[in-house]
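Structure at a glance
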Amino acid sequence: MSSPEHKQKIWKMIKEIQVGMLVTLDGDMPRARPMHLVQDEYDGTLWFFTRRSAEKVSETNRDHDVCLSFSDQEEGVYVSLSGKANLSVDRELIEKYWNPFVAAWFPDGKDDPDLALLEIKVTMGEHWKAKKSKVFQLYEFAKANVKKDATPNLGENEKFGG
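Described below are features of the structure shown in this document. Just so it is clear, the structure is predicted and the values come from calculations on it, not from any experiment.

Position of Lys56 among the secondary structure elements: in helix α2 (residues 55–62). One buried charged residue, Lys56, remains without a salt bridge, the closest side chain of opposite sign being Glu59 at 8.1 Å. Here the side chain of Lys56 touches Thr50 through a polar contact of 3.3 Å, side chain to side chain. Other than its neighbours up to four places away in sequence, Lys56 contacts Leu22, Arg33, Met35, Thr50 and Leu118.

The following block contains the structure:
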């Protein structure tokens, strides 16, 4: 797990990206699809609206282990989060996270019998934050090629959990 400060760091990295690629197992093959964050803060759990009838739901029922990846190439931010997925039909949470974006996907509204939330409890992850300047990154690559024992220092990388 991670500290409250680290959770805030993760949230700062992913909150503006908003859309992560959720990877589940479809049989024995990994399958990814985009999922849109619906929450305003992060405490170690991520929430996404879904249909109960969606394939990702049956996939996560068979194997709760999932991975989410977020990336912002412009800012040099890359985040991979792994955890356990569970379906929730908690009315209070549906009410809390409901918004006009979600309403566009569920025209029958909050009472749609197929509406649910996918809860991802994050257990481990890794993130990267590249230094912004492309010139600096090119310099680091050139330096690593000249100095055979050097590797490019392109920014921050940190693993957590697990």
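Moving on to the pattern of salt bridges. Enumeration over the complete set of coordinates arrives at eight salt bridges. Between Arg51 and Asp112 there is a salt bridge, with its nearest N and O atoms 3.6 Å apart. Of the two residues, Arg51 is situated in strand β3 (residues 45–51) and Asp112 in the loop between α4 (100–105) and β6 (115–130); the sequence distance between them amounts to 61 residues. Of the residues examined, Arg51 reaches a relative accessible area of 30% and is grouped as partly exposed.

Rules used throughout
- Residues numbered from 1 in each chain as written.
- Predicted model: local features only at pLDDT ≥ 70, side-chain atom pairs only at ≥ 80, totals over all residues.
- Heavy atoms only, no water.
- Helix = DSSP H or I, 4+ residues; strand = E, 2+ residues; numbered from the N terminus.
- Buried < 20%, exposed > 50% of the residue type's maximum accessible area, 1.4 Å probe, protein only.
- Lys, Arg positive; Asp, Glu negative; His and termini not counted.
- Salt bridge = Lys/Arg side-chain N within 4 Å of Asp/Glu carboxyl O.
- Polar contact = N/O pair within 3.5 Å; in protein donor to acceptor, adjacent residues only side chain to side chain.
- Contact = heavy atoms within 4.5 Å.

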